[in-house]
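Residues per chain are reported as follows:
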Amino acid sequence: MIDLRDLRTRLEQPAYVGENRCWPCTAVNIVIAVAAGIAAGIAVAPSVGALVLAGCLVVVRYRGYLLPGTPTLTRRYLPDRVLALFGKTPSPQATIGTVSPAELTDVLLAAGIATDRAGDLRPTARKRWVDDSSSDGPAEPSAAAVASILGADDIERIDDAAFVVDGRKRVRWESPAALRADVAAAPLLRARLEGWDDLETDERRDLLRGVRLLRDRCPICGGAVTTAADRRDHCCRRPRVVIRAVCEDCDRPLVELAVAESAADPWLEVAGLALADESPSEP
């Protein structure tokens, strides 16, 4: 006699079911199971098709996947709009899409913010930032100051780190500390870079985020900033490298930057980092 409990124990993979279940991958497997059941029903008999479908669904229920390599298939072929239906939206970290690491380094050198391509800050730039964003200053920059760094005509505050620009575009910083760092750095870039006022909002934000990678002190509490990078390997998305700069004292993030793994090395070089331990591999 078949022991169903023992069979279930042998079949089940807890790492891929229950709270760990990936619904996009499950959806792909269910579609395949239905197709297999229909094909068997047409080729052999409806009863056989029903048995094939039931067997496939049991496998998906207890193992998580019907086909090996499902995460890779899902990541490669399901568009973002489909993944979004299952809550698999892109990672919340910001991405830099308009400025390359080489361009950022050129800007830092041209503005006299960095001393060399290794990204070391000039003492004058470091002192300027400390003076402009010391712990004695306002924690929340004014909406006018934010409008100035973004080149916006109209801006509305949503909370302490988010705004609506020109009535349509939502802009959010990683934290009030990140916002305050940008407000302190923008005048330095404006004064030293020809064409700063002609840059688009996204270009300005990308440059300012890159500049933030060089900060070693929190602009709000003055605590030391630790920067690290690690590889994130989600089953439904291509591997990404996340670079995070966080204040050790107040735990406010200054930078949370996600870049494609294939493009990560130049950004790691700018930040003077190496990858931390890698995430577990896919099933």
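Residues numbered from 1 in each chain as written. Predicted model: local features only at pLDDT ≥ 70, side-chain atom pairs only at ≥ 80, totals over all residues. Heavy atoms only, no water.

Q: Could you give an account of the packing of helix 6 (residues 101-110) against helix 11 (residues 264-271), with specific residues and numbers?
A: Direction vectors running N to C along helix 6 and helix 11 enclose 25 degrees, while the axes themselves pass 9 Å from each other. As far as their axial angle goes, helix 11 and helix 6 are roughly parallel. Facing helix 6, whose interface residues are Pro101, Leu104 and Thr105, helix 11 presents Pro266, Trp267 and Val270. In the contact of helix 6 with helix 11, the residues fall into 5 nonpolar, 1 polar and no charged. (Axes fitted to C-alpha atoms, helices over the stretch in contact; angles between N-to-C directions. Helix = DSSP H or I, 4+ residues; strand = E, 2+ residues; numbered from the N terminus. Parallel < 35°, antiparallel > 145°, perpendicular 65-115°, else oblique. Contact = heavy atoms within 4.5 Å. Nonpolar A, V, L, I, M, F, W, Y, C, P; charged D, E, K, R; others polar.)

Q: Let's hear about the pattern of salt bridges: which residues, and what values?
A: Two side chains that carry opposite charge are able to pair once their charged atoms sit near each other. Following the criterion strictly, the structure yields 10 salt bridges and no others. One salt bridge in this structure joins Lys169 and Asp202, with 2.7 Å as the shortest N-O distance. Within this pair, whereas Lys169 is found in strand 3 (residues 169-172), its partner Asp202 is found in helix 10 (residues 201-212), the two being separated by 33 residues in sequence. Between Arg231 and Glu261 there is a salt bridge; the shortest N-O distance is 2.5 Å. Here Arg231 is found in strand 4 (residues 225-232), whereas its partner Glu261 is found in the loop between strand 6 (253-260) and helix 11, with 30 residues between them in sequence. Three or more residues are tied together by salt bridges with common partners; here these are Glu174, Asp182, Asp206, Arg209 and Arg212. (Salt bridge = Lys/Arg side-chain N within 4 Å of Asp/Glu carboxyl O.)

Q: Tell me about the nonpolar core, and please be specific about residues and values.
A: Of all hydrophobic cores here, the largest spans 50 residues; its most connected members are Leu150, Trp173 and Leu189. Setting aside anything within four residues of it in sequence, one finds Trp173 in contact with Val146, Ile149, Leu150, Ala161, Phe163, Ala178, Leu179, Asp182, Arg205 and Arg212. (Core = buried A, V, L, I, M, F, W, Y, C linked by side-chain atoms within 4.5 Å. Buried < 20%, exposed > 50% of the residue type's maximum accessible area, 1.4 Å probe, protein only.)

Q: Talk me through the packing of aromatic side chains; I want residue IDs and the actual numbers.
A: Working definition: an aromatic ring pair is given by the centre-to-centre distance plus the angle between the planes. Tallied over the entire structure, the rule returns 1 aromatic pair. Aromatic side chains Phe163 and Trp173 sit 6.1 Å apart centroid to centroid with 90 degrees between the ring planes, which places their arrangement in the edge-to-face category. Within this pair, whereas Phe163 is found in strand 2 (residues 162-165), its partner Trp173 is found in the loop between strand 3 and helix 9 (176-192), the two being separated by 10 residues in sequence. As far as the burial class goes, Phe163 and Trp173 line up, both buried. One Lys or Arg, Arg205, reaches over the ring of Trp173 and ends 4.5 Å from the middle of that ring. (Phe/Tyr/Trp six-rings, centres within 6.5 Å; stacked < 30°, edge-to-face > 60°. Lys NZ or Arg CZ within 6 Å of the ring centre and 35° of its normal.)

Q: With reference to specific residues and values, describe a negative patch on the surface.
A: A contiguous patch of negative charge, built from Asp153, Asp154, Glu156 and Asp166, is present on the exposed surface. Along the chain, Asp154 turns up in the loop between helix 8 (143-150) and strand 1 (155-159). Residue Asp154 is classed as partly exposed on the basis of its relative accessible area, which comes to 43%. (Patch = residues over 30% accessible without salt bridge, like charges linked within 9 Å, V, L, I, M, F, W, Y side chains within 5 Å. Areas by Shrake-Rupley, 256 points an atom, 1.4 Å probe, with all protein chains shown as cover. Lys, Arg positive; Asp, Glu negative; His and termini not counted. Charge placed at Lys NZ, Arg CZ, Asp CG, Glu CD.)

Q: Break down helix 2 (residues 23-43) for me, citing the residues and quoting the values.
A: Under the 1.5 Å per step criterion, the end-to-end length of helix 2 is 30 Å for 21 residues, consistent within 8% with the ideal 30 Å. Three or more residues of helix 2 are buried, namely Pro24, Cys25, Thr26, Val28, Asn29, Ala33, Gly37, Ala40 and Gly41. (Expected span 1.5 Å × (residues − 1).)

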